[in-house]
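So you can see what is in the structure, the chains are spelled out below.
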Amino acid sequence: MYKVGALNVYMIDVEHCYWQFVTYMFLHSNVQHLFFNMLGLLVFGLQLERAIGSKEFGLFYILCGTLDGVLSYLVYKFTGQYYVFLLGASGAIYAVLFAYAVVFPRSIIYIWGFIPLPAPVMVVVYALIELGSQFFKADNVAHLTHLFGFLSAWLYFVIRMGIHPVKIWKKTYR
């Protein structure tokens, strides 16, 4: 089951398991992985869903998560990483975080409970951390997929909603 649902270039190309572009985000490597993804979904997703509506939120989540999977698949395929198994909702959660920062640009997030950080700044900090981790940290985390979460959310806002996130943030913090 794990190898059938997790996104894998070989399984998609040879076995034609195209459903993996969606199912990978519903599988997690362990309870801690699941817990922190769901915590992020609870903290940022609940308010976002209330703001944009359940149907729009569901569409946003599934489309962004699927696009994260497609982009990750392309990177793995063209870099010859045929036996990587991608799983987890982290890319979609990063998309939710990005969307939260667009919808609530004045929101302050308290890191570790006492360091105040505006939501758009947190997105930039997370992007820098993920970018650095992609190139300078050897672990089994798909940092590029997290960045694709930000990209897919940005595309969603620009294409579907006609909103340019950077303009929102600039206008908010003049």
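Quick look at the structure, then. (Residues numbered from 1 in each chain as written. Predicted model: local features only at pLDDT ≥ 70, side-chain atom pairs only at ≥ 80, totals over all residues. Heavy atoms only, no water.)

1. Re the environment of Phe57
Topologically, Phe57 is positioned in helix H5 (residues 54-78). Owing to a relative accessible area of 10%, Phe57 belongs among the buried residues under this scheme. Along the backbone, Phe57 and Tyr110 are 53 residues apart, and their C-alpha atoms lie at a distance of 24 Å. (Helix = DSSP H or I, 4+ residues; strand = E, 2+ residues; numbered from the N terminus. Buried < 20%, exposed > 50% of the residue type's maximum accessible area, 1.4 Å probe, protein only.)

2. Side note on the packing of helix H4 (residues 31-52) against helix H6 (residues 90-103)
Contact geometry of H4 with H6 gives a least axis separation of 9 Å together with a crossing angle of 35°. The element H4 and its partner H6 pack so that their crossing is left-handed. Mapping the contact onto sequence places His33, Asn37, Gly40, Leu41, Phe44, Gly45, Gln47, Leu48, Ala51 and Ile52 in H4 and Ser90, Ile93, Val96, Leu97, Ala99, Tyr100 and Val103 in H6. Counted by class, the contact of H4 with H6 contains 11 nonpolar, 6 polar and no charged residues. (Axes fitted to C-alpha atoms, helices over the stretch in contact; angles between N-to-C directions. Left-handed = near helix turned anticlockwise from the far one by under 90°. Contact = heavy atoms within 4.5 Å. Nonpolar A, V, L, I, M, F, W, Y, C, P; charged D, E, K, R; others polar.)

3. Here's the deal with the nonpolar core
Counting residues in hydrophobic clusters, the biggest one holds 39 residues, and the most contacted among them are Phe60 and Tyr61. Only helix H2 (9-13), H4, H5, H6, helix H7 (119-136) and helix H8 (143-159) provide two or more residues apiece to this core. The element contributing the most residues to this core is H6, with 11 residues. When sequence neighbours within four positions are dropped, the list of residues in contact with Phe60 reads Leu48, Ala95, Val96, Ala99, Ala153, Tyr156 and Phe157. (Core = buried A, V, L, I, M, F, W, Y, C linked by side-chain atoms within 4.5 Å.)

4. Some words on the layout of surface pockets
Approximately 1,300 Å³ is the volume attributed to the largest pocket. Together, 45 residues line the largest pocket, and His33, Ser90, Tyr94, Val141 and His146 are the ones closest to its centre. Of all the secondary-structure elements, those providing two or more residues to the lining of the largest pocket are H4, H5, H6, strand E1 (108-111), H7 and H8. The dominant element in the lining of the largest pocket, judged by the number of residues it contributes, is H4, at 8 residues. Taken together, the residues of the lining of the largest pocket sort by class into 27 nonpolar, 16 polar and 2 charged. (1 Å grid on protein atoms, 1.4 Å probe; cavity = no way out; pocket = protein on both sides within 12 Å on 5 of 7 lines; lining within 4 Å. Points joined across faces, edges and corners; volume = space filled by probe spheres on them.)

5. Topic: a nonpolar patch on the surface
A cluster of nonpolar side chains, Phe35, Phe36, Leu39, Leu42, Val43 and Leu46, forms an exposed patch at the surface whose accessible area comes to about 550 Å². By the element assignment, Leu42 lies in helix H4. Judged by its relative accessible area of 53%, Leu42 falls in the exposed class. (Patch = residues over 30% accessible without salt bridge, like charges linked within 9 Å, V, L, I, M, F, W, Y side chains within 5 Å. Areas by Shrake-Rupley, 256 points an atom, 1.4 Å probe, with all protein chains shown as cover. Salt bridge = Lys/Arg side-chain N within 4 Å of Asp/Glu carboxyl O.)

6. Describing H8
Its 17 residues give H8 an end-to-end C-alpha distance of 24 Å, which sits within 8% of 24 Å, the value for a rise of 1.5 Å per residue. For H8, the complete set of buried residues consists of His143, Thr145, His146, Leu147, Phe148, Gly149, Phe150, Ser152, Ala153, Tyr156 and Phe157. Looking at the buried residues of H8, the elements they touch are H5, H6, H7 and helix H9 (165-172). (Expected span 1.5 Å × (residues − 1).)

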